[in-house]
Amino acid sequence: MIKVLVVDDSPLVQQLLSHMLSQAEDIQVVGCAGDPYEAREMIKALSPHVLTLDVEMPKMDGIAFLRNLMKLRPMPVVMISTLTEKGAAITLEALALGAVDYICKPKHDLSITLLEYQEELLEKVRLAASSRVHPPSPPPQITTAPEGKLKNRLVAIGASTGGTEAIQRLVTPLPESFPPILIAQHIPAAFSASFARRLDSYARMTVIESRGGEIVKPGMVYIAPGHAHLVVERRGGHMFTALRDTDPVNRHKPSVDVLFDSVAEIGAKSTIGVLLTGMGRDGARGLMNLRQQGGYTLAQDEASCVVWGMPGAAVELGAACEQVHLDRMAGRLLQLLKSD
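What counts, and at which threshold
Residues numbered from 1 in each chain as written. Predicted model: local features only at pLDDT ≥ 70, side-chain atom pairs only at ≥ 80, totals over all residues. Heavy atoms only, no water. Helix = DSSP H or I, 4+ residues; strand = E, 2+ residues; numbered from the N terminus. Rg over C-alpha atoms; globule rule 2.2 N^0.38 Å. Buried < 20%, exposed > 50% of the residue type's maximum accessible area, 1.4 Å probe, protein only. Contact = heavy atoms within 4.5 Å. Areas by Shrake-Rupley, 256 points an atom, 1.4 Å probe, with all protein chains shown as cover. Pairing = 2+ DSSP bridges. Axes fitted to C-alpha atoms, helices over the stretch in contact; angles between N-to-C directions. Core = buried A, V, L, I, M, F, W, Y, C linked by side-chain atoms within 4.5 Å. Phe/Tyr/Trp six-rings, centres within 6.5 Å; stacked < 30°, edge-to-face > 60°. Lys NZ or Arg CZ within 6 Å of the ring centre and 35° of its normal. Polar contact = N/O pair within 3.5 Å; in protein donor to acceptor, adjacent residues only side chain to side chain. Salt bridge = Lys/Arg side-chain N within 4 Å of Asp/Glu carboxyl O.

Let's shift gears to the overall build of the chain. Per the secondary structure count, the chain includes 11 helices and 14 strands. A compact globule built from 340 residues should have a C-alpha radius of gyration of about 20 Å, and the chain, at 20 Å, falls within 12% of that. For the C-alpha atoms alone, the extent of the chain along its principal axes is close to 60 × 40 × 35 Å. The 340 residues of the chain split such that 56% are buried. Counting contacts in the chain only where the partners sit at least 6 residues apart, residues at least 24 apart contribute 73% of the total. Accessible surface for the chain amounts to roughly 14600 Å². Of this, 50% is attributable to carbon and sulfur atoms.

Set out below in C-alpha cells:
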C-alpha cells in the first residue's frame, strides 16, 4: 500500500486529488496538509511514501519546503504545477532539487478528461513510490579528458522522468567545441522553452528550443519542443533540424524513437545515441535501430536513474553498447569522440 500525503492550500484541490487517489486499491491517502508547516508535522506522524506538493502556498512556498525536505528527509515528491511560464520555471527548479515528477494542477479547462487526469496522476504516484530519490549535488567535473580533437559526429539524447536534471548533469560540463546534440525529452509544450533557457544558463554549449530548419552545427544543443517530434534531415551536404506535428509515438510527442530513427536513417555511423532515465519503453527500439545501422549506443545505468524503465528496456533488447553511470557519461562521450 502506497501512503500519500496531499499538500495543497486549496480545499477543493485536496478533495479532488484525495478522491482520485483513493479510488486505487494500492494507494491510501493518509492526510491532507494546507501549508508546509502542517505538512512537516504530518510527515513525522504519518510517514507517507509519496507527497503531492503544490508550488504556491501560504507561510512557505513549495520550493523552500522541498529544499528543506530533501536536506532533512529525502522522499519521493510529485509536484502539482501550473501550465504557465512561471509554473514551468518553478517546476524545473523543483526537479533540480530532487522532486521525482510533476503533473498539472487540475482545472475545469483541462484538455484531457478527469478520468485521463486520474490515470496520469495514479501512474505518476506509483512511479514515484518505486523511484530512486537523488538529492541535488554539484554537476560532475571532467578531469581526465583525453588529448586530441573531437571527431565530427552527432549526439542524440532521449529521456523522460528524471530527464531534465539528468540532461543538465550530462550537458553542463561539456566543452563549447562539442559536436551538436539533439534532445527529445518528454515534456509539456508549456515547459520546453523554459527547459532550454535553464539548460543554456548552465551549459558552455549554446542551448535552444528547436523551431525547425536550423543548421546542425558544433557547439549547439537542440531541444525538441513539447508539441512536436524533432528529426534531422540532410540537404545539400548539411544537416538540418525539422519538426513533425504527427501523432504521438509510444504515447509521446516528442518521441525518442522518432529522433533516433531519423539520425539512424541519415548518419548512424557518425552518431552516438544516449538513452537516459525515464518511464516506459520509448527510445529502446530506436536505440536498437541506431546500433544495428552502425551507431554507438549508451544507456544510463540503473543505479543512477530515477526510473530505469527506458534504459532498462533498451538493455533488455540488447540495444546498448554500454551502460554508463550518469556522472561518468560526459567523460565517456569525450573519450568516444576523441577515438576511432
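Back to the write-up after that little detour.
Here the focus is the sheet that holds strand β8 (residues 206-209). Taken in spatial order, the seven strands line up as β8-β9-β7-β6-β12-β13-β14 in an open sheet, and their pairing is parallel. Both outer strands of the open sheet, β8 and β14 (322-324), are each paired with one neighbouring strand and no more. Adjacent strand axes in the sheet meet at a mean angle of 20°, parallel and antiparallel pairs treated alike. Running over the sheet, helix α6 (residues 163-171) touches β6 (154-159), β7 (181-185), β9 (220-223), β12 (271-275) and β13 (296-300) and is turned about 165° from β7.

Cis geometry is found at the peptide bond from lysine 253 to proline 254, where omega equals 10°. Of note in the backbone geometry, serine 47 takes a positive phi value of approximately 45° without being a glycine. Examined against the element boundaries, serine 47 turns out to sit in the loop between α2 (36-46) and β3 (50-54). Of the residues examined, serine 47 reaches a relative accessible area of 31% and is grouped as partly exposed. A positive phi angle is found at asparagine 250, which is not glycine, with a value near 55°. Relative to the helices and strands, asparagine 250 resides in the loop between β11 (238-244) and α8 (256-267).

Counting 61 residues, the largest nonpolar core has Phe178, Ile181, Val274 and Leu276 as its most contacted members. Broken down by element, the residue count for this core peaks at seven residues, all from helix α11 (residues 326-337). Excluding anything up to four places from it in sequence, leucine 276 contacts Ile157, Gly158, Ala159, Ala166, Ile167, Leu170, Gln300, Met310, Pro311, Leu326 and Met329. Counting 25 residues, the second-largest nonpolar core is a separate cluster that includes Ala184, Met239, Leu275 and Ala314.

This brings us to helix α9 (residues 284-292). Residues Ala284, Gly286, Leu287, Asn289 and Leu290 constitute the buried set of α9. If you follow the buried residues of α9, they end up packed against α8, β12, β13 and α10 (309-317). Just past α9, the residue glycine 294 takes up positive phi, approximately 110°.

Let us look at the pairing of β11. Bridge count for strand β10 (residues 229-235) against β11 is seven bridges, and the pairing is antiparallel. Each bridged residue has a counterpart across the sheet, and for valine 232 the counterpart in β11 is threonine 241. In this structure, the hairpin formed by β10 and β11 is closed by a connection of two residues, where glycine 236 is found at a positive phi of approximately 60°.

Moving on to the packing of aromatic side chains. The tally for this structure, following the rule as stated, stands at one aromatic pair. For the pair tyrosine 102 and phenylalanine 191, a centre-to-centre distance of 5.2 Å together with 35° between the ring planes defines the contact as tilted. With a gap of 89 residues between them, tyrosine 102 in strand β5 (residues 101-104) and phenylalanine 191 in helix α7 (residues 189-202) connect regions that are remote in the sequence. By relative accessible area, tyrosine 102 is classed as buried at 12%. Using a relative accessible area of 1% as the deciding quantity, one classes phenylalanine 191 as buried. Taking NZ or CZ as reference, arginine 235 lies 4.1 Å from the ring centre of phenylalanine 240, over its face.

This paragraph deals with the side chain of threonine 277. Along the polypeptide, threonine 277 turns up in the loop between β12 and α9. A distance of 3.0 Å separates a polar atom in the side chain of threonine 277 from the backbone nitrogen of valine 307. In this structure, threonine 277 is in contact with Ala159, Ser160, Thr161, Gly162, Gly163, Ala166, Gln300, Cys305, Val306, Val307 and Pro311, ignoring residues within four places of it in sequence.

Our next topic: the pattern of salt bridges. Counted under the stated rule, the structure contains 15 salt bridges. A salt bridge links aspartate 54 to lysine 105, with the shortest nitrogen-to-oxygen separation between them at 3.3 Å. Taken as a pair, aspartate 54 in strand β3 and lysine 105 in the loop between β5 and α5 (114-129) lie far apart in primary sequence, 51 residues in all. On the accessibility criterion, aspartate 54 (4% relative accessible area) is buried. Residue lysine 105 is classed as buried on the basis of its relative accessible area of 18%.

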